[in-house]
Amino acid sequence: MLQMILTGLLCGSLLGFVMQRGRFCLTGGFRDMYLSKDNRMFYALLIAIAIQSVGVYTLISLGVFEFNAGSLPIVAVIIGSFIFGIGIIFAGGCATGTWYRAGEGLIGSWIALAGYMLVAAMMKTGVLLPLDTAVKEVQVESNSIAATFGLNNWVLIAILVVIVGFVVFRTLRKPKVKIPGLKPKKTGLAHILFEKRWHPFVTATLIGLIAILAWPLSIATGRIAGLGITTPSANILQYLITGELSFINWGVFLVLGIFLGSLFAAKMSGEFRFRLPDLKTTINSFSGGLMMGFGAALAGGCSIGNGLVMTAMMTWQGWISLGFMMLGTWTASYFVFVRPRKKASQTTQAATA
């Protein structure tokens, strides 16, 4: 138990610290791809996926653990991921982003977390379990991309690494836009850690390395998995309600560590403060959290579990989920941001005509 607590908190704290300081949230990344054609955060995600894939499959090759992709609950993955993508726009952050923003003092993120944890728990052991089970009964036999095409996983990893390398090279060659900032108050390492703006590619590299570290640390406690947010978040609520110790696992301490790591980073950088949302934001945050919990549980993973981990494991579940999460995000972005602007513009033009 002590090993589980310490290693879970350590890994989670590192992840929370890096994500908070690097402002790594896929909600904004996916939204910006649609609204402003800014793909940098998506490219950063691809970097983290590629790094994790190389590291984890190296561990598998060394016999540290075995991985079986299993079957693919195709309908559940598509529907769940799309709903999750819609939910993160209303909640104002993805699953991990919501955890680390809660550590910054955003009460709206706490509200979103409450809805997220509640519905995820209902899907896993509560009244929504029969629905979850029924939708997941539609299965495709193979979830492994490599097995589908009769390839070795390393071939797919090599292709991904080449693509990511090309994208990074092209992006870094573009002229840099200097963003004015305040005069630094800190120097040396303190300035780099707590004041300097982190490049998203540097943040992604660190996240990829932490994602690799999560596998052996988790496996050492009997949990054969890497980073994961949805099930551990549900487990916290399940434990609080039932008192069953079986719900306490390495993942629980991982997500608690994300909160603590973000809290430390926000305190040290002067970014922590309690912020109360207005009524509209409160309703959006909670409804977004409900959709996040439902979608992530149904899809078998969130933006981290599917979008970062299962993609790195070269599964259909990961890559299909990533695509439909993005589609859900873009759909919600249209109705939340684009459509209101169009209507406001049309109203203004009509008034001045």
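Above: the structure in question.
A brief structural summary. Just so it is clear, the structure is predicted and the values come from calculations on it, not from any experiment. (Residues numbered from 1 in each chain as written. Predicted model: local features only at pLDDT ≥ 70, side-chain atom pairs only at ≥ 80, totals over all residues. Heavy atoms only, no water.)

### Describing helix H9 (residues 153–173)
The terminal C-alpha atoms of H9, which comprises 21 residues, lie 30 Å apart, in line with the 30 Å expected from a rise of 1.5 Å per residue. Within the span of H9, buried status applies to Asn153, Leu156, Ile157, Leu160, Val164, Val167, Val168 and Thr171. Each buried residue of H9 sits inside an arc of 100° when the element is viewed along its axis, so together they form one side. In H9, the exposed positions angled more than 90 degrees off the buried face are occupied by Val162, Phe169 and Arg173. The opening residue of H9 is Asn152, an N-cap whose side-chain oxygen sits 2.8 Å from the backbone nitrogen of Trp154. (Helix = DSSP H or I, 4+ residues; strand = E, 2+ residues; numbered from the N terminus. Expected span 1.5 Å × (residues − 1). Buried < 20%, exposed > 50% of the residue type's maximum accessible area, 1.4 Å probe, protein only. Arc of directions from axis to C-beta. Polar contact = N/O pair within 3.5 Å; in protein donor to acceptor, adjacent residues only side chain to side chain.)

### Points about the pattern of salt bridges
Pairs can form between side chains of opposite charge whenever their charged atoms are close. Following the criterion strictly, the structure yields six salt bridges and no others. Residues Arg31 and Asp32 are paired through a salt bridge, measuring 3.5 Å at the closest nitrogen-oxygen approach. Classification of Arg31 as partly exposed rests on a relative accessible area of 27%. According to the relative accessible area criterion, Asp32 is partly exposed, its value standing at 24%. Of the charged contacts, one joins Arg40 and Asp38 as a salt bridge, the two residues approaching to 3.5 Å between their closest N and O atoms. Through salt bridges with shared partners, a single network forms among Arg21, Arg23, Glu104 and Glu271. (Salt bridge = Lys/Arg side-chain N within 4 Å of Asp/Glu carboxyl O.)

Read these as geometric descriptors, not functional statements.
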